[in-house]
Amino acid sequence: MKAGIVGAGIMGQLLAFELTHLGWDVTLFDPAAKNNCSMAAAGLLTPVAELEKNDLLVFQLGIEALSRHWPDVLARLPNVIYFKRMGSLILSHPNDQAELLRFIQIITAKMDSNKLGNYQQLTREQIIDMEPDIVKGCCGYFFTQEGQIDNQQLLSTLENYLFDKVIFKKLAVQRVEPYQVLTQQEKYHFDWVFDCRGLGARDKFIDLRSIRGELIWLHAPDVTIHRPVRLFHPRYNLYLVPRAENVYLLGASEIESEDYSAISVRTVLELLTAAYYMQPKLAEARIIKTMTHCRPTLANHLPRILYSDRYIAVNGLYRHGFLIGPTLAKEIIKFIQHGKQSLTYPQLWNKPNDHDSFQQ
Ligand SMILES: Cc1cc2nc3c(=O)[nH]c(=O)nc-3n(C[C@H](O)[C@H](O)[C@H](O)COP(=O)(O)OP(=O)(O)OC[C@H]3O[C@@H](n4cnc5c(N)ncnc54)[C@H](O)[C@@H]3O)c2cc1C
């Protein structure tokens, strides 16, 4: 079978990876794969914590990816990827516990119908036992099923792995349709077409919008934190995601805007102030770089898959591309191999609406 995939973010690359394993001939179109939203992400894999703002569906897709699909994908790659499942911490200063309690109430209310998530309240001593480099004044919770992945390392490894297995076309696509992909110069024919253009797919997803995110990368040789940490603060929330060799990613803002300009002074001040509160030694960290990008987001903040004859478009990965991407890829593979009756998440699937400019 011949597949044309448009967009080489995490969604397009995971689909290319799965299809090549099935022996398909894959052509991947993208003029800017090194500068997409996926390259800007922090690699948090926190399905339980995401329940605060999201549906149980994202939690289920994320738990499945963490427990089954990520280990399976990583085992098939030639290089070892930094991927940890040591749980995560959600913390606050004792004076700010109201925010933390509100958060716990929201997620426990959503999890009641689904007992998969596991968490425990921690004493200060237990926090210090787990993460000695977190300041003593914090109180919080431990979420056992969470983790992190080095998504930049993953994307470059995937790209290298696919290099001699797929045809890469560094081309902007003008139209994506069943059986064909059109660039300015040429019309390409395929048995199946997969549209993974993120924010480039507004012609197919009319409620697609952009949410800007900003991130700071730190190198802190004097600080050792192993697990992702979220800090609740009355004014702003922070997460810190550990990477190898004492690198930490601090994030991330969420601003309703399609603005790719550099990080704002406000975000830098907020993120660094919260980080400094969590561990004053971070004052001596070095800022390696800052990142800004825009998350492809649908009206209900959930992912959606549009399908018609030999055409599949997947979008709305919002802040969850790495959390849920592998489960979405597996769901799509089930659909093309066994049809609609085999789907685990039929609620994700939609026929294009009449008002969408989709052409059959
Ligand atoms: C600051 C920040 C932090 C984040 N942190 C996390 C996190 O910790 N965990 C997590 O799970 N998610 C996180 N995310 C979200 C995650 O990055 C996105 O959900 C994910 O990248 C979306 O992937 P995608 O493949 O759908 O889109 P993209 O990565 O945007 O890829 C789409 C691709 O399509 C290409 N394209 C577009 N139009 C065309 C065209 N006409 N022709 C050819 N190609 C085209 C683009 O060049 C692009 O490469 C974060 C996002 C941001 C901004």
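**Considering the overall build of the chain**
Part 1: Within the chain one finds eight helices and 22 strands.
Part 2: Taken against the 2.2 N^0.38 rule, which gives 21 Å for 360 residues, the C-alpha radius of gyration of the chain at 21 Å falls within 12% of a compact globule.
Part 3: In terms of overall dimensions, the chain has a C-alpha envelope of 60 × 45 × 40 Å along the principal axes.
Part 4: In the chain, which comprises 360 residues, the share counted as buried stands at 57%.
Part 5: Across the chain, every contact between residues at least 6 apart in sequence was considered, and the portion connecting residues at least 24 apart equals 75%.

**Some remarks on the packing of aromatic side chains**
Part 1: Throughout the structure, instances matching the rule amount to 12 aromatic pairs.
Part 2: The interplanar angle of 20 degrees and the centroid separation of 5.5 Å between the aromatic rings of tyrosine 119 and phenylalanine 143 together place this pair among those described as stacked. Of this pair, tyrosine 119 sits in strand S6 (residues 119–122) while phenylalanine 143 sits in strand S7 (residues 139–143), and the two are 24 residues apart along the sequence.
Part 3: Under the relative-accessibility criterion, phenylalanine 143 is labelled buried at 0%.
Part 4: The rings of Phe103, Tyr119, Tyr141, Phe143 and Phe232 are connected pair by pair, giving a single aromatic cluster.
Part 5: Above the ring of tyrosine 161, the side-chain terminus of lysine 165 is found at 4.0 Å from the ring centroid.
Part 6: Here the guanidinium or amino end of lysine 289 rests over the ring plane of tryptophan 217, the centre of that ring lying 4.1 Å away.

Cut-offs applied
Residues numbered from 1 in each chain as written. Predicted model: local features only at pLDDT ≥ 70, side-chain atom pairs only at ≥ 80, totals over all residues. Heavy atoms only, no water. Helix = DSSP H or I, 4+ residues; strand = E, 2+ residues; numbered from the N terminus. Rg over C-alpha atoms; globule rule 2.2 N^0.38 Å. Buried < 20%, exposed > 50% of the residue type's maximum accessible area, 1.4 Å probe, protein only. Contact = heavy atoms within 4.5 Å. Phe/Tyr/Trp six-rings, centres within 6.5 Å; stacked < 30°, edge-to-face > 60°. Lys NZ or Arg CZ within 6 Å of the ring centre and 35° of its normal.

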